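Breakdown of the fold
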Amino acid sequence: MELNEQKYTERQVALFEQIGSEYKTNINKEKIKFNVLFWLLQVVLVGGAIFGFVSNNIFIGVICLAIVVFDVLSVYRKRLDQFKKMEESSDYETGLFAAGKCKKVIGYNKRYVESLKKSTSFISILIIVFGGLMLYQGFTTKGLEASSLKVVEGTLSQNIYDGRDAEGVTDPVNLKAYVVPISQTEDLKFVYAIVPNIENSFKFDEYKNYVSGLDVNTIQNVKLSYLDQNKEGAKEGYMYVFGITINDQEFMNADEAINAYNAMMDKSKLNSMIFGGVLLGAGVVLFAFPYVYKLFTSKKAQEIEVIQLTYTDEEKIQVGEIIEKEKQAREEELAKMKEAREALPIEEQEALLNTVIRTKKKSSSLIINLVIGLLGIGAIVFGLIKDLEFKFLMIVLGAILIVIAIYSLVDYFMSYFELSGDKLRIHKLTKTNELSVDEIAKIDFTQGNYALIDVLDQPIVYIPASLINADELIKNLAKRGITTTFDIK
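From a predicted model like this one, the values you see are computed outputs, not experimental measurements.

Rules of the game
Residues numbered from 1 in each chain as written. Predicted model: local features only at pLDDT ≥ 70, side-chain atom pairs only at ≥ 80, totals over all residues. Heavy atoms only, no water. Core = buried A, V, L, I, M, F, W, Y, C linked by side-chain atoms within 4.5 Å. Buried < 20%, exposed > 50% of the residue type's maximum accessible area, 1.4 Å probe, protein only. Helix = DSSP H or I, 4+ residues; strand = E, 2+ residues; numbered from the N terminus. Patch = residues over 30% accessible without salt bridge, like charges linked within 9 Å, V, L, I, M, F, W, Y side chains within 5 Å. Areas by Shrake-Rupley, 256 points an atom, 1.4 Å probe, with all protein chains shown as cover. Salt bridge = Lys/Arg side-chain N within 4 Å of Asp/Glu carboxyl O. pLDDT = per-residue confidence, 0-100. Contact = heavy atoms within 4.5 Å. Expected span 1.5 Å × (residues − 1). Arc of directions from axis to C-beta. Phe/Tyr/Trp six-rings, centres within 6.5 Å; stacked < 30°, edge-to-face > 60°. Lys NZ or Arg CZ within 6 Å of the ring centre and 35° of its normal.

**Observations concerning the nonpolar core**
Core analysis: the largest hydrophobic core is formed by 29 residues, its most contacted members being Tyr 192, Ile 198, Phe 202, Phe 242 and Ile 244. Breaking this core down by element, the ones donating at least two residues are β2 (189–194), α6 (204–211), β3 (222–227), β4 (236–246), β5 (249–252) and α7 (254–304). In terms of residue count, the dominant contributor to this core is β4 (six residues). Ranked by size, the runner-up nonpolar core spans 23 residues in total, among them Met 337, Ile 440, Leu 452 and Ile 474.

See the structure below:
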């Protein structure tokens, strides 16, 4: 029996070639399937973005659009490149890739269900949390009552600005339309403005005719009923106006404005509850999907899974004998490497053993983590100080970003590789593993990582080549006689 580089038998190689050939034959169907599902998902996300913007859930709209942009610019392109690579590869190489997707391979269904659980659990919980928060927001948002309004009286301090351009069209940039200025003490700079979307309650044309041609300083006895939007002690900001009376002439009735405002809020609440309910339901369905899928597919899987890619009992015995021989050969090679190292001048041996090399991540990753943390703090602060319909979502998003930033920062400072003497220590957060240099048979370079290989030709650990001092660490190991399968610069 002979084994190839990946330790597969001739029988296994033939099966991989068969799987690869079948995959290439059906690759156009795979492309169509991928495109249909991919663009269907994008349509759903765009629909979610439109719904979010229309229902004033700006946060949801932005998130949906961001996912669409990422999918189109990254996911879609990578998948197309993957299809192209599979078409150009040999049947065996394609089979290595496609074996994990082949339903005929024994154990496929079990592995697929486990991967579903891993991929859907976090996403479904996140969707459930967002849906629950939107439902909570919808249920707890209360309407405005007249008793919650305050009254300010004074004299108009300047000409009215109604937020409209020369053609009378409302300026979309200035959402605080129809500002009614009123004189105040010098230390107060509040701007009284009508709530957007209820400006129809304001008799603007009558008001404009009334003040037209008059000196604003002579328009006294102005009474505004407003909702105090500022925290105690604040001296400036926006106050939302619901009632306007000048010299006992009413230009905006508080009860009518409150009713219009509450109607607008009821619509927003309904939209939040509908969208929250849909998210909550989708999250529950997504969480349960792997278990339901397993229930309905397990029996059928046993019938169609006929390809055994693992070793047979007979192959295990033969492969074991081959690996044992290779192990002995490796150990003999390691012994020779050790002898060669010991034959070096004492000064050179001591220099190699006394050198301490520690890797660390690049400062750019630290900056990125700090930015993520600051964005999280900003989102929480913004959600707390601003009266936003999606404040809970902002706070949750901020908390998630802060957790990610904290974990990444801890990992930045507490995860590294250290070569000291004849020991290689692998630090990962609070956990440390120690490896003897004599256990390393050779070093490969694959996918941007240095792979340290043992005597059984199995990877012990991967060291990212992007780490600072990773090259120096590998050079030191090479000087000790450890074989490298690549050129060291």
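Having seen the model, we can carry on.
**Considering a nonpolar patch on the surface**
Together, Leu 374, Ile 377, Val 381, Leu 384 and Ile 385 line one region of the surface with nonpolar side chains, adding up to about 470 Å² of accessible area. Examined against the element boundaries, Leu 384 turns out to sit in helix α10 (residues 363–385). Residue Leu 384 is classed as exposed on the basis of its relative accessible area, which comes to 52%.

**As for the confidence of the model for the protein chain**
Atomic detail in the predicted coordinates should be set aside for any region of low pLDDT. When the pLDDT values of the protein chain are averaged, the result is 80; 85% of them are 70 or greater. The element-level mean pLDDT for the protein chain is lowest in β2, coming to 71, with strand β7 (residues 416–420) highest at 92. Counted against residues more than four places away or in other chains, residues 159–179, with its pLDDT under 50, gives 41 contacts.

**Notes on helix α1 (residues 10–25)**
Every α-helix winds through 3.6 residues per turn, so residues three or four apart in the chain are directed the same way. Helix length check: α1, at 16 residues, gives a terminal C-alpha distance of 23 Å against a target of 22 Å (1.5 Å per residue), a fit within 8%. Turning to α1, its buried residues are Gln 12, Val 13, Leu 15, Phe 16, Ile 19, Gly 20 and Tyr 23. For α1, the buried positions fall inside an angular range of 160 degrees around the axis, keeping them on one side. With respect to the buried face of α1, the exposed residues turned more than 90 degrees away are Glu 10 and Thr 25.

**Looking at the packing of aromatic side chains**
In total, this model carries 17 aromatic pairs according to the counting rule given. Geometrically, the ring pair formed by Phe 38 and Tyr 76 is tilted, given 4.9 Å between the ring centres and 35 degrees between the ring planes. Within this pair, whereas Phe 38 is found in helix α2 (residues 27–54), its partner Tyr 76 is found in helix α3 (residues 58–88), the two being separated by 38 residues in sequence. The exposure class assigned to Phe 38 is buried, which follows from its relative accessible area of 7%. When its relative accessible area of 18% is taken as the criterion, Tyr 76 is described as buried. Ring centres of Tyr 108 and Tyr 112 lie 5.7 Å apart, and the angle between their planes is 10 degrees; on these two criteria the pair is classed as stacked. With Tyr 108 and Tyr 112 both in helix α5 (residues 108–140) and four residues apart, this pair spans about one turn of that helix. For Tyr 112, a relative accessible area of 30% puts it in the partly exposed group. Members of the aromatic cluster, joined through ring pairs, are Phe 34, Phe 38, Trp 39, Tyr 76 and Phe 83. A cation over a ring is seen here: Arg 79 above Phe 34, with NZ or CZ 5.6 Å from the ring centre. One cation-aromatic arrangement involves Arg 79 over Phe 83; the distance from NZ or CZ to the ring centre is 4.2 Å.

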